[in-house]
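Read off the chains here:
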Amino acid sequence: MLDLKAIRQEPDRFRRGLARKRHNPALIDELLKVDEAWRSALVEVERLKAERNRASEAIARKKKQGEDAAADIAEMRAVSEKIKELEEQVRQLDEQVQSQLLELPNIPHDSVPDGEDDGDNVVVKQWGEQPKFDFTPKPHWELAQELDIVDFERAVKITGSRFVLYKGLGAKLERALANFMLDYQIEKNGYVEMFPQFIANDTSMVGTGNLPKFGDEMFKLEGLPYYLIPTAEIPLTNYYRDEILDPSMLPVKFAGYSACFRSEAGSAGKDTRGLIRLHQFQKVELVKLVTPETSYAELDSLVEDCEDILQALELPYRVVECCTGDQGAKASKQYDLEVWIPASGRYREISSCSNFEDYQARRANLRFRRDESSKPEFLHTLNGSGLAVGRTVAAILENGQQADGSIRLPKALVPYMGVEVISRRA
RNA sequence: GGAGUGAUGGCCGAGUAGGUCGAAGGCGCUCGCCUGCUAAGCGAGUAUACGCCCAUAAGGCGUAUCGAGGGUUCGAAUCCCUCUCACUCCGCCA
């Protein structure tokens, strides 16, 4: 959520920010209009309440002294009526302000390149050699099916389309990757391991910015204000919701593994095959809560932490900075890590690292106090996927494939897998 | 799922025949005094949000907040209703 006071003071900055993000800048003016109505109603109702409070004290005093207060009470009855009316107005206007505020996206950092969509993203780094094959590389779903390590058809029978079931060494690979990613972040990069619940309530969803605007991207539990989490970001970011942290705790660095559930509304026909776009996938997510002055340095190190995994897995990738039009709604600045997928001949997003500045902190009321005499301040929140496991499986299969259809595993994974190669069962 | 008890400030804990209660007291913490050191003692201070005035300062004023929401009333921490959460017992289960 944006800072309403800041919007009042510098509306132009926010109009420009929205325009850069390909949102309608007039939303700012609509908001300010309602805000002004709200404030003038508030001033009036508070004035009446002050009057009532004074009168009530006077009535109490008179009664105590045995005087008659009937006239004052009659007078105040009318004032109370008026207050009740005005309060209803104030409540409605406040609700409007809040709901408009909750709908507004974050605005991009000045350094973010302007652009319409992912075509305008800027490649800031490229790592690794794209493998050369002396045969035609197969897509990962063919490799996996031939190796009998995933089952798409039966997964559809059990649930429906866009689900998959891992089997044998495929299941082990999924588990090995999660363990490897977690171990790495915990042992090498100093994250605290968290294993969260996969269901979160509506308040948590508002806290991270998934509600009210993106409810249709999630699965909701029938009859309950509960949702399947689309990412472990939800529980990890909400962990300290409504708390004031001591600076000695900062930066907070969480690494959490979870299943992620996405309705994929609006992506019909996209990536219908393979492990790229499913209703359920697993992911190790990194979340940081930091002081505002450190958040951009923390973003850089977050990106590096996620890159570590790709490098350790020997997967060629590039880092792109998302342009204003391609950023997530919540982000101020965002880098995507894209892994090389040989059969498609293109890079695919495997991680997204963002600095949200205080956008989520305001919603989730995540604060810290610099020292005892200072006011609480909002933290900055960041998160990054480290990494999406399903897409990592796809990348390992495609990049590690050999002429006979077997898969050479990255060295880092061998201790976790117990084999160096996944091959057809004899 | 059934029965019961409870929810007050950083913590503990008063406060129900409604009335100057943002809330006694204690602890903790901060500053000062005192004190060979430490401890003890003395004094002062110690919530958050929002709005208005104002130089987006200092400061002042006001409103709200005793789990949440609603109701009764001139006035509610105190009365009524709904909900949430915690604890205890029973049932059920991994």
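None of the values given here were measured: they were computed from a predicted structure.

As enumerated under the stated definition, the model contains 31 salt bridges in all. Notably, a salt bridge pairs Glu116 with Arg22, separated by 2.9 Å at the nearest N-O pair. Taken as a pair, Glu116 in the loop between helix H4 (70-103) and strand E1 (122-127) and Arg22 in the loop between helix H2 (11-20) and helix H3 (26-64) lie far apart in primary sequence, 94 residues in all. Exposure remark for Glu116: the relative accessible area of 49% places this residue in the partly exposed category. The salt bridge involving Lys138 is made with Glu146; its shortest N-O contact spans 2.9 Å. For Lys138, a relative accessible area of 27% puts it in the partly exposed group. Among the ionic contacts, a cluster of salt bridges with common partners joins Arg20, Arg22, Asp114 and Glu116.

Time to look at the nonpolar core. Leu173 and Leu177 are the most contacted members of the largest nonpolar core, which totals 55 residues. Of all the elements, helix H7 (residues 169-187) adds the most residues to this core, at 8 residues. With residues near it in sequence (within four places) discarded, Leu177 still touches Leu313, Val389, Thr392, Val393, Ile396 and Leu413. Counting residues in hydrophobic clusters, the runner-up holds 32 residues, among them Val45, Met76, Val79 and Ile83.

Right, let's talk about the packing of helix H5 (residues 140-147) against helix H12 (residues 389-400) for a bit. The N-to-C vectors of H5 and H12 enclose an angle of 85 degrees; their axes lie 9 Å apart at closest approach. Accordingly, the angle class assigned to the pair H5 and H12 is roughly perpendicular. Within the contact between the two elements, H5 uses His140, Leu143 and Ala144 and H12 uses Ala394, Leu397 and Glu398. Taken together, the residues that form the contact of H5 with H12 break down as 4 nonpolar, 1 polar and 1 charged.

Under the domain assignment, chain A is made up of domain 1 (4-103) and domain 2 (118-422). Taking the mean C-alpha position of each, domain 1 and domain 2 sit 43 Å from one another. The partner domain 2 presents 11 residues to the 6 residues of domain 1 that form the contact. Roughly 750 Å² is buried in total at the junction of domain 1 and domain 2, and carbon and sulfur atoms are behind 49% of that figure. Three residues, Lys21, Leu102 and Glu103, lead the burial of domain 1 against domain 2; their summed loss comes to 73% of the area buried on that side. Linking domain 1 with domain 2 are 0 salt bridges, by the criterion used here.

This next bit is on the protein's contact with RNA strand B. Near RNA strand B you find 27 residues, and of these Arg8, Arg77, Ser80, Arg369 and Glu372 are the closest. Close to the protein, within 4 Å, the atoms of RNA strand B are drawn from sugar and phosphate at a rate of 72%. Between RNA strand B and Arg77 there is a distance of 2.4 Å, counted from a phosphate oxygen to a side-chain nitrogen or oxygen. Residue contributions to the surface near RNA strand B peak at 14 residues, all from H3. Tallied by class, the residues present in the surface near RNA strand B amount to 9 nonpolar, 4 polar and 14 charged.

We now examine a nonpolar patch on the surface. Where nonpolar side chains cluster on the molecular surface, the patch consists of Ile199, Leu224 and Tyr226 and spans about 230 Å² of accessible area. Tracing the backbone through its elements, the reader meets Tyr226 in strand E6 (residues 226-228). Residue classification places Tyr226 among the partly exposed positions, given a relative accessible area of 36%.

The next subject is the side chain of Asn383. Among the structural elements, Asn383 can be located in strand E15 (residues 380-388). Looking at Asn383, the relative accessible area reads 5%, which means it is buried. For Asn383, the side chain forms a polar contact with the side chain of Glu233, separated by 3.0 Å. Among residues more than four places away in sequence, those in contact with Asn383 are Glu233, Glu285, Leu286, Val287, Leu302, Ser352, Cys353, Ser354 and Phe356.

Definitions and cut-offs
Residues numbered from 1 in each chain as written. Chains lettered and ligands numbered in written order. Predicted model: local features only at pLDDT ≥ 70, side-chain atom pairs only at ≥ 80, totals over all residues. Heavy atoms only, no water. Salt bridge = Lys/Arg side-chain N within 4 Å of Asp/Glu carboxyl O. Helix = DSSP H or I, 4+ residues; strand = E, 2+ residues; numbered from the N terminus. Buried < 20%, exposed > 50% of the residue type's maximum accessible area, 1.4 Å probe, protein only. Core = buried A, V, L, I, M, F, W, Y, C linked by side-chain atoms within 4.5 Å. Contact = heavy atoms within 4.5 Å. Axes fitted to C-alpha atoms, helices over the stretch in contact; angles between N-to-C directions. Parallel < 35°, antiparallel > 145°, perpendicular 65-115°, else oblique. Nonpolar A, V, L, I, M, F, W, Y, C, P; charged D, E, K, R; others polar. Domains from an automatic or database assignment. Buried area = accessible area lost by both parts, 1.4 Å probe. Near = heavy atom within 4 Å. Polar contact = N/O pair within 3.5 Å; in protein donor to acceptor, adjacent residues only side chain to side chain. Patch = residues over 30% accessible without salt bridge, like charges linked within 9 Å, V, L, I, M, F, W, Y side chains within 5 Å. Areas by Shrake-Rupley, 256 points an atom, 1.4 Å probe, with all protein chains shown as cover.

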